Amino acid sequence: MSIQIKPDEVSAILLKELQAADNTGDIQETGTVLQVGDGICRAYGLSKVMAGELVSFPDHPGLNGLVLNLESDNVGIALMGATDKIKEGDTVLRTGRIASVKVGEATNGRVLDALGNPIDGGGPIDSDLELPIEVKAPGILDRQDVCEPLYTGIKSIDAMFPIGKGQRELIIGDRKTGKTSIAVDTIINQKGKGVNCIYVGIGQKASTIAALVEKLKEFGAMEYTTIIAANASDPASMQFLAPYTGVTIGEYYRDNGKHSLLVYDDLSKQAQAYRQLSLLLRRPPGREAFPGDVFYLHSRLLERAAKMSEEKGGGSLTALPIIETQAGDISAYIPTNVISISDGQIFLETNLFNSGIRPAVNVGLSVSRVGGEAQIRATKQVAGRLKLTLGQYREMAAFSQFASDLDEATRKQLAMGERLTEILKQKELNPYPISHTIFIIFAGVNGFLDDIEMASIGKFELEFIEWVESKYPEISATTDKEEQISPETDKALKNALEEFKKIFVA
């Protein structure tokens, strides 16, 4: 039986198959490594590559690079991993994507590297949402004034240098003055307050990050905290990139009407890593050998912290950048840059720290440029005189050590200053509710502690707060509800202090 072939049918089938065929081909732009060394490589052939694009190395799976320099005949690439196996002549492949990171609630409780990859052994991040790490900061019309307090739980800061949601408050001081402790206490104090926290460790020891994770787990804070770790052993490119990864994770909460707190510990090391990369890429050095765009390095990062307008959901991203000074010099290049970008600074002084005043906050050089906008009225009422009294006390104490005879008014002012300084001392990992801060400062500025021995101030503080909460809980409840000290609350608090002083045993 002969098979009859119908030319029309064959033509129709062939035409249909040809139309459905994918004739685009798989075109990839590749380059070749010219030279490599010190975490930097140069490659030619990538004529269409973008600044900030990730590139891969097919000969070394898992290794990526970040394009930083675009020159006429080659590109400069910062390598994101071990560079000992890369050699001249290796292939470089464009990925076509800017560095991005997975975001969402799934990052809570995790420890990630600078590219957002998990390094805690907990498996991949369970999130499909990925955002680029370099985006434009919100514009003026998308923001609103900082008006909502974010409590650190540290008496001296919440009373005198309040931090509001959406603010950028710099923590600055020499090494070993308690900068990280303030940031960690603030994270612990956010428990149950609906604030998601991100801690970015830049150039820290791996053991330090491990100890921090254990500390946060102990206080139940890892449930709402993400840690980004670019350790001292990581390449400079990872230390440069880590803060941008952290702020991208924080922006997810900000843009979805939630609140987040971001700690950069510390930006001095990020600037040093960026200087290293820039010098290796042969960029012209400026002051202190930093490149000319080192200001933009931090400004484009910190400007992403904001309190969004109600139309944009009303979310916020609060930033606590940390800067390490050398010998207390806050007029150095990087400190002055970041001071000018931020909304205030908390300056920690070595001499105060060594004399036992902890947190070692220098009242004269610290400031919050948001001020009372981020405070409830009750805090303003009791803390209004506090900063002025402490400033006068420090000045008077410096002069009084040379005087042999002091008048009664001066002695009283010195006694009150000593006691106010004493009540602002606070142990690490012991955050205070704002009502307790208000109670103890109220006692100090109204002279209730003037006749208490200095050695008994700490005991008086602890026992009074415990006593007033058990016997007069309505005072605390009223203060929290009304957010001010009404004449009735003022009278009740004074009566409670007088009653407690009668039964207090030093």
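Note that the coordinates shown come from a computational prediction; the quantities given were computed from them, not determined experimentally. (Residues numbered from 1 in each chain as written. Predicted model: local features only at pLDDT ≥ 70, side-chain atom pairs only at ≥ 80, totals over all residues. Heavy atoms only, no water.)

A. Structural view of the overall build of the chain. Secondary structure summary: the chain contains 16 helices and 17 strands in total. Summarising its shape, the C-alpha atoms of the chain cover approximately 120 × 55 × 40 Å along the three principal directions. Out of the 506 residues in the chain, the part that is buried amounts to 52%. Expressed as a percentage of contacts within the chain between residues at least 6 apart in sequence, the contacts between residues at least 24 apart total 74%. Accessible surface for the chain amounts to roughly 23800 Å². Of this, 52% is attributable to carbon and sulfur atoms. Looking at charge distribution, the chain has the averaged site of its 53 positive side-chain charges lying 2 Å from that of its 68 negative ones. (Helix = DSSP H or I, 4+ residues; strand = E, 2+ residues; numbered from the N terminus. Buried < 20%, exposed > 50% of the residue type's maximum accessible area, 1.4 Å probe, protein only. Contact = heavy atoms within 4.5 Å. Areas by Shrake-Rupley, 256 points an atom, 1.4 Å probe, with all protein chains shown as cover. Lys, Arg positive; Asp, Glu negative; His and termini not counted. Charge placed at Lys NZ, Arg CZ, Asp CG, Glu CD.)

B. Fine view of the packing of helix α13 (residues 434–445) against helix α14 (residues 457–471). Two elements in contact, α13 and α14, have axes whose closest approach is 11 Å; the angle formed by their N-to-C orientations is 120°. Between α13 and α14, the angle is such that the two are oblique. Taken as a pair, α13 and α14 cross one another with a handedness that is right-handed. Only Glu461, Phe464, Ile465, Val468 and Glu469 of α14 make contact with α13, whose side of the interface consists of Ser435, His436, Phe439 and Ile440. (Axes fitted to C-alpha atoms, helices over the stretch in contact; angles between N-to-C directions. Parallel < 35°, antiparallel > 145°, perpendicular 65-115°, else oblique. Left-handed = near helix turned anticlockwise from the far one by under 90°.)

C. Looking closely at the layout of surface pockets. When its volume is computed, the largest pocket comes out at roughly 930 Å³. Lining the largest pocket are 32 residues, and of these Lys176, Gly178, Lys179, Thr180 and Ser181 lie nearest its centre. Secondary-structure elements contributing two or more residues to the lining of the largest pocket are α3 (179–188), α4 (206–218) and β15 (316–324). Here the lining of the largest pocket takes six residues from α3, the largest share from any one element. Residues that form the lining of the largest pocket fall into these classes: 11 nonpolar, eight polar and 13 charged. (1 Å grid on protein atoms, 1.4 Å probe; cavity = no way out; pocket = protein on both sides within 12 Å on 5 of 7 lines; lining within 4 Å. Points joined across faces, edges and corners; volume = space filled by probe spheres on them. Nonpolar A, V, L, I, M, F, W, Y, C, P; charged D, E, K, R; others polar.)

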